[in-house]
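Understanding the architecture of this molecule
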Protein chains: 2
Amino acid sequence: MTTTALSARDRMLAAQRAARTIGLLSDDRKSAALRAIADAIEAASADIVAANAEDLARGEAGGLSAALLDRLRLDEARVAALAAAVRDVAELPDPVGRVLDRRTVAGGVELTKVSVPFGVVGSIYEARPNVTVDIAALALRSGNAVVLRGGTAAEKTNAALVSAMRAALAAEGIDPEGIQTVDEFGREGARELMQARGIVDVLVPRGSAQLIETVVTESSVPVIETGAGVVHIVLDASAPLEWSRDIVVNAKVQRPSVCNAVETVLVHRAAADRLIGPVVAALQERGVTVHGDADVAARADGILPATDEDWATEYLGLDLAMRVVDDLDEALEHIRTYSTHHTESIITDDDASAERFLAEVDSAVVMANASTRFTDGAEFGFGAEVGISTQKLHARGPMGLPELTSSKWLARGAGQVRA
Amino acid sequence: MTTTALSARDRMLAAQRAARTIGLLSDDRKSAALRAIADAIEAASADIVAANAEDLARGEAGGLSAALLDRLRLDEARVAALAAAVRDVAELPDPVGRVLDRRTVAGGVELTKVSVPFGVVGSIYEARPNVTVDIAALALRSGNAVVLRGGTAAEKTNAALVSAMRAALAAEGIDPEGIQTVDEFGREGARELMQARGIVDVLVPRGSAQLIETVVTESSVPVIETGAGVVHIVLDASAPLEWSRDIVVNAKVQRPSVCNAVETVLVHRAAADRLIGPVVAALQERGVTVHGDADVAARADGILPATDEDWATEYLGLDLAMRVVDDLDEALEHIRTYSTHHTESIITDDDASAERFLAEVDSAVVMANASTRFTDGAEFGFGAEVGISTQKLHARGPMGLPELTSSKWLARGAGQVRA
């Protein structure tokens, strides 16, 4: 029976079996396997680029947008970058086997809580070949098997990447079934992955808000929700102009297409006359379109009228919504209504306002006087980022390798029984 | 508008609003509120017992079993015990505001990861009035609002308990909407609670395997699965007779109705002649019925034949399944097939076997030479137990108060932007 004759479920069961041995691999063997995977990806570069060309041709014929085609495109340099990223993951500390707690109880039974791999990590994502390699490498570094479901538009590319990675595992004496794709089963493969409770231990969707919502709604496998960022900056009554301008511009313009870019700026009425003019001008100079309420439009030129839809929109581009609020209470109420609980920041010279904002805003990362663009695994010093969790269970905020592990309690006794 | 005119969804929204202020309460105010709740429950004891009598009468008329009626029954002494348990929770350390990580990054931005309440904790459980008080107290101690859905059979009792607890909150100047029940909405209330994603932050089902399965399957709110325990003990080739006998008897007999009681004993073939006779005799002396395979029946009297169904059964009573296995591999394979990933223990004199078992068994608690009855929040020194998680996300094994918290990152800067 060849691999391609296996059903999606067979593949997930094979990943589960492989997870048993991969979970027991030493730090060194996991690192060596990742270096072998990086080498194999580079060695297969021509094949991968050729497979990618087929996907691109199909995508162009099917009318994919230029932006999506660019995300999908691999050339030799991009393949080399994928391999380099895998080598970086190989050097990260092993997140498995950390001692998280120790207790001696009940007549001398020694309890140790240690980090262990989840087992099988699933990921559903859009047509970005880098995610295929990224998630597989992070899963393997943390001792997990992985089941991938990328976008159909990247099917040939993903197949070539997975084939290279599996061959590298086999050459290292590691069960290649630890890296699986269910791409070729289309929507049915995704559906089976979402229903594989008991086989797949955790599912990490990556992509649009709509994709994540679908996975959250349809999955019986536990999901770590990553994602959408309707990110706010509040300019408090005492906000220094220079910080306000620099931070808002940085948070919007430095990389507008990502989830930690700011989308809405809320300006305290007491600071509106002082701040709105210069902040809007600085944004417009960098090509940002500002959508504002009447109070904003009264204080700056070139403002498009903002609607309720603007407050709820993750523009992911050079648009920004701006509103004047009467006080911090109104700012907090706006954030409660529209935030996606990713990142919010207040710019203020008033410690009491800062500390109230930090305490009361219910988001993964809450900032005072810093750019929201800092919400990022690399910036936090994690070395790698699995995603940014916007949920409250298990992980919140940027997730590093430790967030791809669970724990178990080990109890070592000498015949103790409970009284 | 009176409280009873609110829909289930209105109540959950009211709990969400209350969570904002409850989440900011100091350690002292939360403790004081719990002491006030304990006093209020005692003061309302006569009303609670009267309400309980109505539930009992309805249950008897409806044919509830004696065991269920006993679980449901409250008298003055049991009400006093509920109040005492709340006072114990009041004395536990506040799990909110713990510093979980600190980092200084990017030009001096100070990052602090702190524990925060989830917000709103939901619980769906069966007709056990003690759970009503227990979950409400644990949720409040950890700064959460709570939405309760107990069994319909306990509706009057729960209403009386919730009423007393809400009155105590109001008297303490705390928003009483922080404790809600949706019991009176029946199955529809449970359904709305399971679908309240975005309002309720986490759902903790407590009860039968079937109840938990329903909640896991139907809920879009993240669930912490607690529960079912098909718990194994392996008697290795080198298992000392005394430890084997004492631990198996303790794990089965000390309290057979709970999830950490052993259900299946796997005996290494090399130890079968030596151990099965005396271990079975010790169990039978205490009234245990042993269901065994042919290899067990050949070595002891009074063995009922075991079927595949026995291996999968959580007896929760004085029955136990026993099987002879050829070696540790076969024991591990049996456990992989039938375990509910709660607790397993090996009895052995061989360190290599013990360490292999500890490494390879994929359960919340894995033991060597100790009784499985130790898997318990109080035994682990947690002071209180929210439940025993058998899932891998967020919490695994006995859950204390810290497992009712999430975290958030606080970032304090001085104008830093990302380069």
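Residues numbered from 1 in each chain as written. Chains lettered and ligands numbered in written order. Predicted model: local features only at pLDDT ≥ 70, side-chain atom pairs only at ≥ 80, totals over all residues. Heavy atoms only, no water.

Keep this limit in mind: UniProt positions are given in the numbering used here, feature names are shortened, and annotations may be inferred rather than shown by experiment.
For chain A, an unreviewed UniProt entry supplies the name Gamma-glutamyl phosphate reductase and the organism Microbacterium fluvii. In the Subcellular location (unreviewed entry) part of its UniProt record, chain A is described as follows: "Cytoplasm". Looking at the Catalytic activity (unreviewed entry) heading of the UniProt record, one finds this comment for chain A: "L-glutamate 5-semialdehyde + phosphate + NADP(+) = L-glutamyl 5-phosphate + NADPH + H(+)".

A short note on the side chain of Asp183 of chain A
All names here are of chain A. Our working definition: In DSSP terms, a helix is any run of H or I states spanning at least four residues, a strand is any run of E spanning at least two, and both are numbered starting from the N terminus. With a 1.4 Å probe rolled over the protein chains alone, any residue whose accessible area is under 20% of its type maximum counts as buried; one over 50% counts as exposed, and the rest are partly exposed. Charge counting treats Lys and Arg as positive and Asp and Glu as negative, with His and both chain ends excluded. By definition, a salt bridge exists where a carboxyl oxygen of Asp or Glu is found within 4 Å of a side-chain nitrogen of Lys or Arg. Here, residues are in contact when the closest pair of their heavy atoms is within 4.5 Å.
Relative to the helices and strands, Asp183 is located in the loop between strand 5 (179–181) and helix 8 (186–194). In this structure Asp183 is buried but unpaired, with Arg149 as the nearest side chain of opposite charge at 4.2 Å. Leave out the neighbours within four places in its chain, and Asp183 touches Leu148, Arg149, Gly150, Gly151, Glu155 and Asn158.

Quick notes on the sheet that holds strand 3 (residues 120–125) of chain A
All names here are of chain A. What counts here: Pairing between two strands requires that DSSP report at least two bridges joining them. Note on definitions: angles span 0 to 180 degrees between N-to-C directions of axes, and those axes are lines fitted to C-alpha atoms, for helices only across the stretch in contact.
Strand order in the open sheet formed by 4 strands is 5-4-3-6, and the pairing between neighbours is parallel. Because the sheet does not close on itself, it has two edges, and the strands there are strand 5 and strand 6 (202–206). This sheet shows a mean twist of 20 degrees between the axes of neighbouring strands, independent of strand direction. One ladder, built from 5 bridges, connects strand 3 with strand 6; its direction is parallel. Across the sheet, residue Ile124 finds its bridge partner in strand 6, namely Pro205. Lying on the sheet, helix 6 (residues 129–141) is in contact with strand 3, strand 4 (145–149), strand 5 and strand 6; it crosses strand 4 at an angle near 165 degrees. In the packing of helix 7 (residues 155–171) onto the sheet, the strands contacted are strand 3, strand 4 and strand 5, and the crossing angle to strand 5 comes to about 160 degrees.

Quick word on the interface of chain B and chain A
Convention followed: Each of two parts loses accessible area, computed with a 1.4 Å probe, when they are put together; buried area is these two losses added. What qualifies as a polar contact is a pair of N or O atoms within 3.5 Å, subject to a donor-acceptor requirement within protein and to the restriction that residues adjacent in sequence count only when both atoms come from side chains. Residues were grouped as follows: Ala, Val, Leu, Ile, Met, Phe, Trp, Tyr, Cys and Pro as nonpolar; Asp, Glu, Lys and Arg as charged; and all remaining residues, including Gly, as polar.
Each partner contributes residues to the interface: chain B has 67 residues there, and chain A has 67 residues. Summed over both sides, the interface between chain B and chain A buries roughly 5700 Å², with carbon and sulfur atoms accounting for 53% of that surface. Between Arg197 of chain A and Glu225 of chain B there is a salt bridge, with its nearest N and O atoms 2.4 Å apart. Seen at the junction of chain B and chain A, the total is 45 residue pairs in polar contact (both at pLDDT 80 or more). Those elements giving two or more residues to the side of chain B that touches chain A turn out to be strand 1 (99–105), strand 2 (109–117), helix 10 (241–253), helix 14 (328–338), helix 15 (351–360), strand 13 (365–370) and strand 16 (405–416) of chain B. The residue inventory of the side of chain B that touches chain A, partitioned by class, reads 34 nonpolar, 13 polar and 20 charged.

Notes on the pattern of salt bridges
This model, assessed by the stated rule, comprises 56 salt bridges over all chains. A salt bridge links Asp39 of chain A to Arg87 of chain A; its shortest N-O distance comes to 2.8 Å. Taken together, the positions of Asp39 of chain A in helix 2 (residues 27–43) and Arg87 of chain A in helix 5 (residues 76–90) put the pair 48 residues apart, joining distant regions of the chain. Residue Glu188 of chain B is joined to Arg191 of chain B by a salt bridge in which the shortest nitrogen-to-oxygen separation is 3.1 Å. Here Glu188 of chain B pairs with Arg191 of chain B, and both are found in helix 8 (residues 186–194), just 3 residues apart, close to one helical turn. Shared partners join several salt bridges into a network, and the residues in it are Asp201 of chain A together with Asp362, Lys392 and Arg396 of chain B.

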